[in-house]
Amino acid sequence: MKSAVIVFPGSNCDRDLAVAFEAVSGRKPEMVWHRETELPEGLDLIGVPGGFSYGDYLRSGAMAARSPIMQAVAQAAARGTYVLGICNGFQVLTEAGLLPGALMRNAGIHFVCRSVALTVENSQSAFTSRYEAGETINVPVAHHDGNYFADAQTLDRLEGEGRVAFRYAEAVNGSARNIAGILNESGNVLGMMPHPERAIEKLHGSTDGRRMFEGLTEGLLARV
Amino acid sequence: MKARVFVTLKSGVLDPQGKAIQHALEGLGFEGVNDVRAGKLIELDVADGTSQDDIDAMCRKLLANTVIENYRIEAIG
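This one's a predicted model, so the numbers in the text were calculated from it and none came from an experiment.

Definitions and cut-offs
Residues numbered from 1 in each chain as written. Chains lettered and ligands numbered in written order. Predicted model: local features only at pLDDT ≥ 70, side-chain atom pairs only at ≥ 80, totals over all residues. Heavy atoms only, no water. Helix = DSSP H or I, 4+ residues; strand = E, 2+ residues; numbered from the N terminus. Rg over C-alpha atoms; globule rule 2.2 N^0.38 Å. Buried < 20%, exposed > 50% of the residue type's maximum accessible area, 1.4 Å probe, protein only. Contact = heavy atoms within 4.5 Å. Areas by Shrake-Rupley, 256 points an atom, 1.4 Å probe, with all protein chains shown as cover. Lys, Arg positive; Asp, Glu negative; His and termini not counted. Charge placed at Lys NZ, Arg CZ, Asp CG, Glu CD. Buried area = accessible area lost by both parts, 1.4 Å probe. Salt bridge = Lys/Arg side-chain N within 4 Å of Asp/Glu carboxyl O. Nonpolar A, V, L, I, M, F, W, Y, C, P; charged D, E, K, R; others polar. Pairing = 2+ DSSP bridges. Axes fitted to C-alpha atoms, helices over the stretch in contact; angles between N-to-C directions.

Caption draft 1: Layout of the overall build of chain A. Counting its secondary structure elements, chain A contains six helices and 11 strands. Rg of the C-alpha trace for chain A: 16 Å, near the compact-globule value of 17 Å for 224 residues, within the 12% margin. If you line up chain A on its principal axes, its C-alpha atoms span 40 × 40 × 35 Å. Across the 224 residues of chain A, 58% fall into the buried class. Looking at chain A alone, contacts between residues at least 24 apart form 73% of all its contacts between residues at least 6 apart. Surface summary for chain A: the accessible area is close to 9100 Å², and the carbon and sulfur share equals 47%. Measuring between centres, the 20 positive side-chain charges of chain A sit 2 Å from its 25 negative side-chain charges.

Listed below in structure tokens is the structure:
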């Protein structure tokens, strides 16, 4: 599996994501700086990491979404390359128009940094194949702007098409319908606020995130 | 030439910052504050002759996220 992790000024989960990709695939991802205009050839998976790209100026993810490399990421996504956006990465993907809706300030104002219970809603995607639908998993969140918003019509469409991948099983940030992660129409782009890359080793307190990376690797290796 | 862009949350979109400001005002003893909505003011210094359409494009492409925000452009010459 050939992967890459995009690095913006202010990214701070890029190395964690690289460690997770390498841990399950045995292959180091390429780290790609935001000023690049092209991605390495033959990528199977692109990670858009968490952090505070461009200091969250204007809106979280807004500046990063307009950086040169994101054009290449959008083109790769359109060709079917898998794209995983976590936390700030999710914000970047919505700002870039690769996923619908927007992530707003948490309803309770506070930055939320703790492990939360998630319900796996869709276990049919490449990202969630190692989970059972309806299963509860524990994954950390660490965000200020994780309050998912979309109009009712968009929310109904996401639900109807099985594109809600994860839902919070508890009150976290005021997200519409407790949505924690969504898929794009073709199922090759996932954005989520919780951090699966922070739940891959026993020392992390949970290994529930590891199965996402294992499932992805398994699916991508089978494809080759 | 200068232009001002006012970016505000669409009505119906919850504004937790506005709510917090409202509560703080109440805490200071100000009565009768029915609602507070917080927004952004962006001042642009652009080349003379920049059209309204150009500034509108700037708003749509970057300055506002039209999923959640409205914007209003005010040319100040």
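Caption draft 2: Layout of the interface of chain B and chain A. With 16 residues of chain B in contact, the opposing surface of chain A contributes 14 residues. Roughly 1200 Å² of surface becomes buried between chain B and chain A when both sides are summed, with 69% attributable to carbon and sulfur atoms. Inspection of the region where chain B meets chain A yields one salt bridge. A salt bridge links E69(B) to R59(A); its shortest N-O distance comes to 3.7 Å. Mapped onto the side of chain B that touches chain A, the elements with two or more residues apiece are α1 (16-27), β2 (40-45) and α2 (52-63) of chain B. Of the residues assigned to the side of chain B that touches chain A, the class counts are 11 nonpolar, two polar and three charged.

Caption draft 3: Up close: the sheet that holds strand β3 (residues 45-48) of chain A. All names here are of chain A. In spatial order, the strands read β2-β1-β3-β4-β11-β10-β9-β6-β7; together these nine strands make up an open sheet with mixed pairing. The sheet is open, and its two edges are formed by β2 (30-33) and β7 (136-143), each paired on a single side. Strand after strand, the sheet turns through a mean of 25° between neighbouring axes, direction not considered. In the sheet, strand β9 (residues 164-168) pairs with strand β10 (residues 179-183) via three bridges, with the strands oriented antiparallel. Opposite R167, over in β10, you have I179 as the bridge partner. Each of β3, β4 (82-86), β10 and β11 (189-192) touches helix α4 (residues 88-95); the most contacted strand, β4, lies at about 120° to it.

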